[in-house]
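# Observations on the model geometry
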Amino acid sequence: MSRTILCFGEALIDFHSEGGDAFGFPRGFVPYAGGAPANVAVAVARLGGGAAFAGMLGNDLFGDFLLHSLQHAGVDTAGVTRTGAANTALAFVALDARGERSFSFYRPPSADLLFRPEHFGEARFDGVAVFHVCSNSMTDEAMAETTREGMRRAHAAGALVSFDLNLRPALWNPGVDPRPQVWPALELADVVKLSGEEFAWLAVDGEEAVLERLWQGRTRLLVVTDGERSLRWFHPDAEGELPVYAVNAVDTTAAGDAFVGGLLCGLARLQAAPDRLDHLVTELPRLHAMLRFAAACGALTVTRQGSFSAMPDEAEVLSFMETYA
């Protein structure tokens, strides 16, 4: 692999609600290939970047569907492992009138949580430019440690490490505070992406406390998106805001993943190794251009239904940006 963006964690089936009866319950659900890190891999591939996915799928019909969907999108699936010990994870998605979604998960048990460090393989990180993960692989202690081990191996291989919190409270056991589990991963990431709601959730002692803790770890760039409101970015020596694109949202399910895919493509093309990230971030015109491109990826995605199927290609993004210039 050459300058590959390797995404790790869950791939699952998003069943999107369709229609409604007299009581407001969906009449049916349509399956879409999804899962946050898998969505990012597909976003990267659609944008013309080198994309790979590592994770575990069940030996079932849904696992077959996901593997085919990843491969059809142009994602390298050499890092995918199959198992008969658990089924592929499922999520049922309901959308409100503004395209905002709510989730009902059938996980655990699920195949993605059974991936272990030995499944990465000896050469998994060769040629990897960016290793990307999110918190959905941290709801189980063994899988959380596998995720952190992947982050450490990526660092050892010279790759940039990206973490999107992508918090889904329904995936965590009732009464469990996810913060102690996600903070060690946040501290291992060079680039962190949060939603505005997630930033507030982390900021129990205020935003400055969150930033200080991140800067004490490896993080050099934090990006906070907030729907139609301006995005915010932070570096130990600078911070700023950028407007985003106003669109009519149909389905927001994969918007953040599309944003991350656009951002990581930009960083990979600039060969943004950890030791070069400070220089790249402080070149504000370049940083702003990357963030605007990422924002356009997210904006286009919310105008379509689905996850993999909603991801735009580079020509679509550039055309969209020209239209809104």
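This write-up is about the structure you can find in this document. (Residues numbered from 1 in each chain as written. Predicted model: local features only at pLDDT ≥ 70, side-chain atom pairs only at ≥ 80, totals over all residues. Heavy atoms only, no water.)

### Thoughts on the overall build of the protein chain
Basically, it comes down to this: Runs of H or I in DSSP of at least four residues are treated as helices and runs of E of at least two as strands, each being numbered from the N terminus. Radius of gyration means the value over C-alpha atoms here, while the globule rule gives 2.2 Å times the residue count to the 0.38 power. Each residue's exposure class comes from its accessible area (1.4 Å probe, protein chains only) as a fraction of the maximum for that residue type: buried when under 20%, exposed when over 50%, partly exposed otherwise. Note on contacts: a residue pair qualifies if any of its non-hydrogen atoms lie within 4.5 Å across the two residues. Lys and Arg are tallied as positive, Asp and Glu as negative. Neither His nor the chain termini are counted. Where a charge sits is defined by one atom per residue type, namely NZ (Lys), CZ (Arg), CG (Asp) or CD (Glu).
The number of helices and strands found in the protein chain is 10 helices and 13 strands. Scaling as 2.2 N^0.38, a compact globule of 325 residues should have a C-alpha radius of gyration of about 20 Å, and the protein chain matches this with 18 Å. Seen along its three principal axes, the alpha-carbon backbone of the protein chain occupies a region of about 55 × 45 × 40 Å. The buried share of the protein chain, reckoned over its 325 residues, is 54%. The long-range fraction of contacts in the protein chain, counting pairs at least 24 apart against all pairs at least 6 apart in sequence, stands at 72%. Computed over 25 positive and 41 negative side-chain charges, the separation of the two mean positions in the protein chain equals 2 Å.

### A few points about the nonpolar core
Cut-off, in case you're wondering: Note on terminology: a nonpolar core comprises buried Ala, Val, Leu, Ile, Met, Phe, Trp, Tyr and Cys residues joined through side-chain atoms within 4.5 Å.
Within the largest apolar cluster, 60 residues are counted, with the highest numbers of intra-cluster contacts made by Ile5, Phe53, Val75, Phe259, Leu263, Leu267 and Leu291. With 10 residues, helix H9 (residues 284-301) is the single largest residue contributor to this core. In contact with Leu263, not counting residues within four places along its chain, are Val191, Val223, Met290, Leu291 and Ala294.

### Digging into the side chain of Asp251
Going by this rule: Counted as a polar contact is a pair of N or O atoms within 3.5 Å, where, for protein atoms, one must be capable of donating a hydrogen and the other of accepting one, and residues adjacent in sequence contribute only when both atoms are in side chains.
The topology assignment puts Asp251 in the loop between strand E13 (238-242) and helix H7 (255-269). Take Asp251: its relative accessible area is 1%, and that puts it in the buried class. Side chain to side chain, Asp251 and His16 meet in a polar contact 3.3 Å long.

### Quick notes on the side chain of His132
Mapped onto the elements, His132 comes out in strand E8 (residues 128-134). With a relative accessible area of 1%, His132 lands in the buried category. Once you skip the residues sitting within four places of it in the chain, His132 turns out to touch Leu6, Cys7, Phe8, Pro37, Val40, Ser162, Phe163, Asp164, Val260 and Leu264.

### Quick notes on the packing of H7 against H9
Definition in use: For helices, the fitted line uses only the C-alpha atoms of the stretch in contact; every axis is such a line through C-alpha atoms, and the angle between N-to-C directions lies from 0 to 180 degrees. Roughly parallel covers angles under 35 degrees, roughly antiparallel covers those over 145, roughly perpendicular covers 65 to 115, and oblique covers all other angles. We call a crossing left-handed when the near helix sits turned anticlockwise from the far one by less than a right angle, and right-handed when that turn is clockwise.
Put simply, H7 and H9 touch, their axes get as near as 7 Å, and they point 150° apart. By the angle class used here, H7 and H9 are roughly antiparallel. For the element pair H7 and H9, the recorded crossing hand is right-handed. The segment H7 lies against H9, with Ala255, Ala258, Phe259, Gly262, Leu263, Gly266 and Leu267 engaging Met290, Leu291, Phe293, Ala294, Ala295, Cys297, Gly298 and Thr301.

### A short note on the packing of helix H1 (residues 36-46) against H7
The criterion, for reference: In this classification, the charged set is Asp, Glu, Lys and Arg, the nonpolar set is Ala, Val, Leu, Ile, Met, Phe, Trp, Tyr, Cys and Pro, and all remaining amino acids, among them Gly, are polar.
At their nearest, the axes of H1 and H7 sit 8 Å apart, and the two run at 50° to each other. Judged by the angle between their axes, H1 and H7 are oblique. Seen from above, H1 lies across H7 with right-handed handedness. Where H1 approaches H7, its residues Ala36, Asn39, Val40, Ala43 and Val44 are matched on the opposing element by Asp257, Ala258, Val260, Gly261, Leu264 and Cys265. Taken together, the residues that form the contact of H1 with H7 break down as 8 nonpolar, 2 polar and 1 charged.

No statement about biological role is implied by the geometric values presented.
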